[in-house]
Amino acid sequence: MKPRITLLTLGVDDLEKAVRFYRDGLGLKTEGIVGAEFEHGAVAFFELQAGLKLALWPRASLAHDAGLAVGSRSSTEFSIGHNVSSKREVDAVMDQAKRSGALIVKPAQDTFWGGYAGYFQDRDGHLWEVAWNPQWTVQD
């Protein structure tokens, strides 16, 4: 398989609330909810970086599309890593997430691998790691 990941989809319980969190709280760009005219079609897309988007889709719609039953949530099976260019930026993003209604599950701190990172959960329990890694260069 040649890696061509272009879309990360998060199943959410309340699409409108989730859109407000990511758009208004975290400042991600979106055209808003589209596809509401179709059964199981309402979804919101956010530009993350060149060639990569984030989709928010109701959990019931995602389960229906995949042919699976809606399961219980688990925050420890998947995380999204957001890498930034400094410790100060980690703190700023964590603060922004908290002000937007995120739950800080691990405050930012020095890591065993020489970086600085913390974790928050969005309103649906999705786990985000905000990290500064001195080994990586982050381009804006």
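Structure: see above.
Residues numbered from 1 in each chain as written. Predicted model: local features only at pLDDT ≥ 70, side-chain atom pairs only at ≥ 80, totals over all residues. Heavy atoms only, no water.

## Digging into the overall build of the protein
Scanning the protein for helices and strands turns up three helices and eight strands. If you list the helices and strands of the protein from N to C, you get β-α-β-β-β-α-β-α-β-β-β. Split into buried and exposed, the 140 residues of the protein put 34% on the buried side. Long-range contacts, defined as pairs at least 24 residues apart, comprise 48% of the intrachain contacts of the protein with a sequence gap of at least 6. On the protein, roughly 9,100 Å² of surface is accessible, and the fraction owed to carbon and sulfur atoms is 51%. In the protein, 15 side chains carry a positive charge and 18 a negative one; their mean positions are 4 Å apart. (Helix = DSSP H or I, 4+ residues; strand = E, 2+ residues; numbered from the N terminus. Buried < 20%, exposed > 50% of the residue type's maximum accessible area, 1.4 Å probe, protein only. Contact = heavy atoms within 4.5 Å. Areas by Shrake-Rupley, 256 points an atom, 1.4 Å probe, with all protein chains shown as cover. Lys, Arg positive; Asp, Glu negative; His and termini not counted. Charge placed at Lys NZ, Arg CZ, Asp CG, Glu CD.)

## Topic: the sheet that holds strand β5 (residues 79-84)
Sheet architecture is open: four strands sit in the order β5-β8-β7-β6, paired in mixed fashion. Taken across any chain shown, the strands that pair with only one partner, and hence form the sheet edges, are β5 and β6 (103-110). Here the average twist between neighbouring strands, direction ignored, is 15°. Examined bridge by bridge, β5 and strand β8 (residues 127-132) share six bridges and lie parallel to one another. Bridge pairing links H82 to V130 in β8. Running at roughly 10° to strand β7 (residues 116-121), helix α3 (residues 87-99) makes contact with β5, β6, β7 and β8 of the sheet. (Pairing = 2+ DSSP bridges. Axes fitted to C-alpha atoms, helices over the stretch in contact; angles between N-to-C directions.)

## Points about the pattern of salt bridges
Counted under the stated rule, the structure contains six salt bridges. D13 is the partner of R59 in a salt bridge, and the nearest nitrogen-oxygen pair spans 3.4 Å. In this pair, R59 sits in helix α2 (residues 59-66) while D13 sits in the loop between β1 (7-12) and α1 (15-25), placing the two residues 46 residues apart along the sequence. With a closest N to O distance of 2.7 Å, D24 and R23 form a salt bridge. (Salt bridge = Lys/Arg side-chain N within 4 Å of Asp/Glu carboxyl O.)

## Thoughts on the sheet that holds β1
Spatial strand order, β1-β4-β3-β2: four strands in an open sheet with mixed pairing. Since the sheet does not close on itself, it has two edges, and those belong to β1 and β2 (30-34), each with one partner. Averaged over all adjacent pairs, the angle separating strand axes in this sheet is 20°, with direction ignored. Bridging between β2 and strand β3 (residues 43-49) involves three bridges; their strand directions are antiparallel. Considered in β3, the bridge of V34 is made with V43. Contacting β1, β2, β3 and β4 (52-58), α1 crosses the sheet at an angle of about 150° to β4. Packing of α2 onto the sheet brings it into contact with β1 and β4, and relative to β4 it is tilted by some 100°.

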